[in-house]
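Structural features, examined
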Amino acid sequence: MAVESSHDVDTAPRARTRLLAALALSGLLSGLGYAGLTAYHAINDSFVAPIILSPDNDLVIQSKLSLSRLEAERRAIEARIEENEAGADAAQASVERLEAFQGSAARALDWSMEVTAKQEQLGERDLQRIAEQEALVDGMTVHQKEVVATVEKNVADGLAHRADLEREQQTLDQLHLTALQSERERVATEIQLHAASLAQKAMRGGNGRLATPEMVARQDQLVRVELDLFKLRAERSTKRSLVRADREELTKIDELVTQMKSRPIFRAIAGSQNVAFVPYTQLDGVHAGAAVYHCAVWGVFGCNPVGKVAQLLPGEVAMQDPWGTPMRGQYALLDLLRPEAAQAKVLRVRGPGDGSTPRPAPAELVSRR
């Protein structure tokens, strides 16, 4: 009985030692497993820099001012388009009227040719009638001279009165006056006929050295109309080119405004937005629905889920990563269950089954570990 009691006393401390050893080994294995899992996530998680965008943020205010300037420029371009379109329409109407007038002025020469041809025809006929009249007057004058001579003889012989001689002499003088008037009419008709003939030659081309005053005035008028047409056509073309250029500029401004309105900075004008800057080196694991974690110790340990990624926004931005290095990347819109997590320096994004494409952890985080 004494031997059995001594054996039981020796066995009890050994059992406690083994239990403590087993617990220590279990703790060590758990620690190693936790450390391995932590290292695994540290390698495969995406690190993002959270940003709280509020209406009074400097970037938001600057974005609002930029948008206001774009909208003002857009209104100015629209007003300029309306002005240039009105100018182009006015120039087009003026061109059409001048072209119609130019056609009428070109046909005016035909009218002048008709008139001068008629004048030439009537002048030749008038000359023929005047020649016939002169011949008749000459014959009457010769006969009246004979009558005057006979009356003079009768007066000398006492067979006629002196009054008869004076009457016949007056008739002779009237015939002389008629002859002078016919000669004057003939000269005037010849002048008119000559002018009409020269006008006809000039309007038909002639030798190129003849031009009527009417032709000179008409040519001057046509030249002025042609110059006005050149100016109006150039103005119309310029106005239309300006309208096309302004419409292209308006399209670019609309595209830029659309891009600005899709950015979280613009959305923050209406209310605060929780976003994160995602460098391109961390972009693979960031997608809509991915879980967002906040790690309380050194950005590695004590990680708890605080929300998820709502949307990865298109468009490139240039900012500093969580450790102050200038980087290029994109914005991600966050849906945080704990809004205070947006105040952290860095958050981690982890999707289900994440880790297919390992990415290096930031150098500063490695140095801290």
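Presented here is a report on the structure given in the accompanying data block. (Residues numbered from 1 in each chain as written. Predicted model: local features only at pLDDT ≥ 70, side-chain atom pairs only at ≥ 80, totals over all residues. Heavy atoms only, no water.)

**Considerations on the overall build of the protein**
The helix and strand tally for the protein stands at six helices and seven strands. The buried share among the 369 residues of the protein stands at 31%. Counting only contacts in the protein whose residues sit at least 6 apart along the sequence, the fraction spanning at least 24 positions is 76%. Entry remark: accessible area of the protein is about 23,300 Å², with carbon and sulfur atoms responsible for 56%. (Helix = DSSP H or I, 4+ residues; strand = E, 2+ residues; numbered from the N terminus. Buried < 20%, exposed > 50% of the residue type's maximum accessible area, 1.4 Å probe, protein only. Contact = heavy atoms within 4.5 Å. Areas by Shrake-Rupley, 256 points an atom, 1.4 Å probe, with all protein chains shown as cover.)

**Observations concerning the pairing of strand β2 (residues 273-279)**
For β2, the tally of buried residues reaches six of seven residues, placing the bulk of the element in the interior. Relative to β2, strand β1 (residues 46-53) runs antiparallel, the two sharing five bridges. Note that in β2 the partner of Leu 53 across the bridge is Gln 273. The pairing of β2 with strand β6 (residues 326-336) spans five bridges and is antiparallel. Its bridge partner lying in β6, Val 278 is registered against Gln 330. (Pairing = 2+ DSSP bridges.)

**Digging into the nonpolar core**
In this structure, Val 48, Val 286, Val 292, Val 309, Leu 334, Leu 347 and Val 349 are the most contacted members of the largest nonpolar core, which totals 17 residues. Listing elements by their share of this core, those giving two or more residues are β2, β4 (301-312), β6 and β7 (347-350). A per-element tally of this core places β6 first, with three residues. (Core = buried A, V, L, I, M, F, W, Y, C linked by side-chain atoms within 4.5 Å.)

**Observations concerning a nonpolar patch on the surface**
Together, Val 223, Leu 227 and Phe 230 make up an exposed nonpolar region whose accessible area comes to about 280 Å². Inspection of the secondary structure assignment puts Val 223 in helix α4 (residues 213-262). With a relative accessible area of 41%, Val 223 lands in the partly exposed category. (Patch = residues over 30% accessible without salt bridge, like charges linked within 9 Å, V, L, I, M, F, W, Y side chains within 5 Å. Salt bridge = Lys/Arg side-chain N within 4 Å of Asp/Glu carboxyl O.)

**Digging into the environment of Ala 310**
Structurally, Ala 310 is set in strand β4. You can call Ala 310 partly exposed: its relative accessible area is 38%. Taking the C-alpha atoms as reference points, Ala 310 and Leu 334, separated by 24 residues in sequence, lie 5.2 Å from one another. Apart from residues no more than four positions distant in its own chain, Ala 310 is found in contact with Ala 288, Leu 333, Leu 334 and Asp 335.

**Side note on the pattern of salt bridges**
Scanning all chains against the criterion turns up 10 salt bridges. A salt bridge links Arg 328 to Glu 316; the nearest nitrogen and oxygen atoms lie 2.8 Å apart. Residue Arg 328 is located in strand β6, and its partner Glu 316 is located in the loop between β4 and β5 (317-320); the two are separated by 12 residues in the primary sequence. Through salt bridges with shared partners, a single network forms among Arg 74, Glu 78 and Asp 254.

**A closer look at the side chain of Thr 189**
With respect to the element layout, Thr 189 can be found in helix α3 (residues 162-203). What Thr 189 contacts, discounting residues up to four positions off in sequence, is Gly 123, Asp 126, Leu 127 and Ile 130.

**Comments concerning the packing of aromatic side chains**
One pass over the full model with this rule turns up zero aromatic pairs. Above the face of the Tyr 293 ring, Arg 350 is positioned so that its terminal group lies 4.1 Å from the ring centre. (Phe/Tyr/Trp six-rings, centres within 6.5 Å; stacked < 30°, edge-to-face > 60°. Lys NZ or Arg CZ within 6 Å of the ring centre and 35° of its normal.)

**Things to note about the environment of Gly 307**
Mapped onto the secondary structure, Gly 307 falls in strand β4. With a relative accessible area of 16%, Gly 307 lands in the buried category. Sequence spacing of Gly 307 and Ala 291 is 16 residues, and the spatial spacing of their C-alpha atoms is 6.1 Å. Ignoring any residue separated from it by four or fewer positions in sequence, one finds Gly 307 in contact with Ala 290, Ala 291, Val 292, Asp 335, Leu 336 and Leu 337.

**Considering the pairing of β6**
Where β5 meets β6, four bridges bridge the pair, whose relative direction is antiparallel. Following the sheet pairing, Met 319 is matched in β6 by Met 327. Connecting the antiparallel pair β5 and β6 is a turn made up of five residues, with Gly 324 showing a positive phi of about 85°.

**What to know about the side chain of Glu 134**
Tracing the sequence through the fold places Glu 134 in helix α2 (residues 58-157). Ignoring anything within four residues of it in the chain, the contact list for Glu 134 reads Ser 182, Glu 183 and Arg 186.

**Quick look at the environment of Glu 340**
On the secondary structure map, Glu 340 appears in the loop between β6 and β7. Residue class for Glu 340 comes out partly exposed when judged on its relative accessible area of 45%. Sequence separation of Glu 340 and Ile 52 is 288 residues, and the distance between their C-alpha atoms is 9.8 Å.

Remember, this is a structural readout, not a statement about activity or role.
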